[in-house]
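Chain and residue survey
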Amino acid sequence: MDIGKIIRDARKAKGWTLDELSSRIETDSGNLSRLERGKQFASKDLLNKIMTVLDLELVPAYDTAVGSEGTLSHAAGKSQRDSHANVEISRTVFPRTNLYPLIDPDMVKAWAESPGNLKPDDTHMYLESTEDAGERGFWMVVKGDYMACNGNPSFPEGSLILVKPESEPISGKYYVVILESGEQTFKQYVVDAGHKYLRPLNQNYRTIEIDDTCQFIGRAIDTKMTGL
């Protein structure tokens with residue numbers, strides 16, 4: 001099992017660059033690049049950090065061991081390999097899969113405001129994700145082309161987003177927000193020079209400045225395309 005390829009595929013599935021992943025695990029992007037290309041092994045601590053942020057698990061497959069230098073390696077057993085040689089990783093990595101309900105966009109506000117009263121039932125569709133959106137996480141359909149662009153990420157109309165309810169918004173992330181007017185919107189949250197904005201990715205629409213009267217429903221942490 002090529003651990004470097006698994007890490008690279010999991011990183012790309014999240015839409016992260018090498019720099020973003022390296023920032024999250026506090027390591028150099030060059031080291032991470034060499035790890036993904038199979039040119040370098042990771043310490044046990046670094047590998048644990050990578051597995052955690054990418055939502056991957058290490059499951060022993062057969063006769064495996066952790067080397068004395070903290071790298072994962074195949075147990076030498078009766079082989080003639082030098083105990084200090086670089087040997088292949090023989091652990092299988094499986095992503096954790098979670099199921100979350102698909103909520104009608106018109107019900108999102110009620111879902112957020114009445115967590116004890118509104119619960120998914122047999123009429124709801126459940127979709128998978130390897131992301132952890134918490135107990136109140138949900139999928140919803142993107143309406144309009146406000147978040148569609150030629151770059152990455154892009155959220156065209158009809159695409160699905162997995163929303164994780166959060167209390168503290170983070171600048172640069174993407175949120176479902178209820179405006180003071182009661183209108184529900186999905187935009188990128190940006191803080192610049194002390195001012196707060198909701199920015200569409202589609203340049204045909206304008207950025208709006210907001211204040212603390214807005215209600216942040218949750219952050220988009222995963223997406224699925226439809227109609228392919």
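Residues numbered from 1 in each chain as written. Predicted model: local features only at pLDDT ≥ 70, side-chain atom pairs only at ≥ 80, totals over all residues. Heavy atoms only, no water.

1. Some details on the overall build of the chain
Applicable threshold: Segments assigned H or I by DSSP are reported as helices when at least four residues long, segments assigned E as strands when at least two residues long, and all are numbered from the N terminus. Burial classification: accessible surface area is computed with a 1.4 Å probe over protein chains only, and a residue below 20% of its type maximum counts as buried, one above 50% as exposed, and the rest as partly exposed. Reported accessibility uses the Shrake-Rupley method at a 1.4 Å probe radius. Residues are deemed covered only where the shown protein chains occlude them.
Each helix and strand in the chain was counted, giving 5 helices and 13 strands. Here the chain holds 228 residues, and the buried ones make up 36% of them. With the model as given, the accessible surface of the chain reaches about 13500 Å², and the carbon-plus-sulfur share is 47%.

2. A look at helix α1 (residues 3–13)
Stated precisely, the cut-off is as follows: This arc corresponds to the set of directions leading from the helix axis out to the C-beta atoms.
Along α1, the residues classified as buried are I3, G4, I6, I7, A10 and R11. Seen along its axis, α1 keeps its buried residues to an arc of 165 degrees; they face one direction. For α1, the exposed residues set more than 90 degrees away from the buried face come down to K12 and A13. Once α1 ends, the next one or two residues include G15, with phi positive near 80 degrees.

3. A look at unusual backbone geometry
A cis amide bond links N152 to the next residue, P153, at an omega of 10 degrees. Note on placement: P153 falls in the loop between β7 (138–141) and β8 (160–164). Backbone geometry at D55 places phi at a positive 60 degrees, although glycine is not the residue there. Residue placement: D55 occurs in the loop between α4 (44–53) and β1 (56–60). By relative accessible area, which is 10% here, D55 ends up buried.

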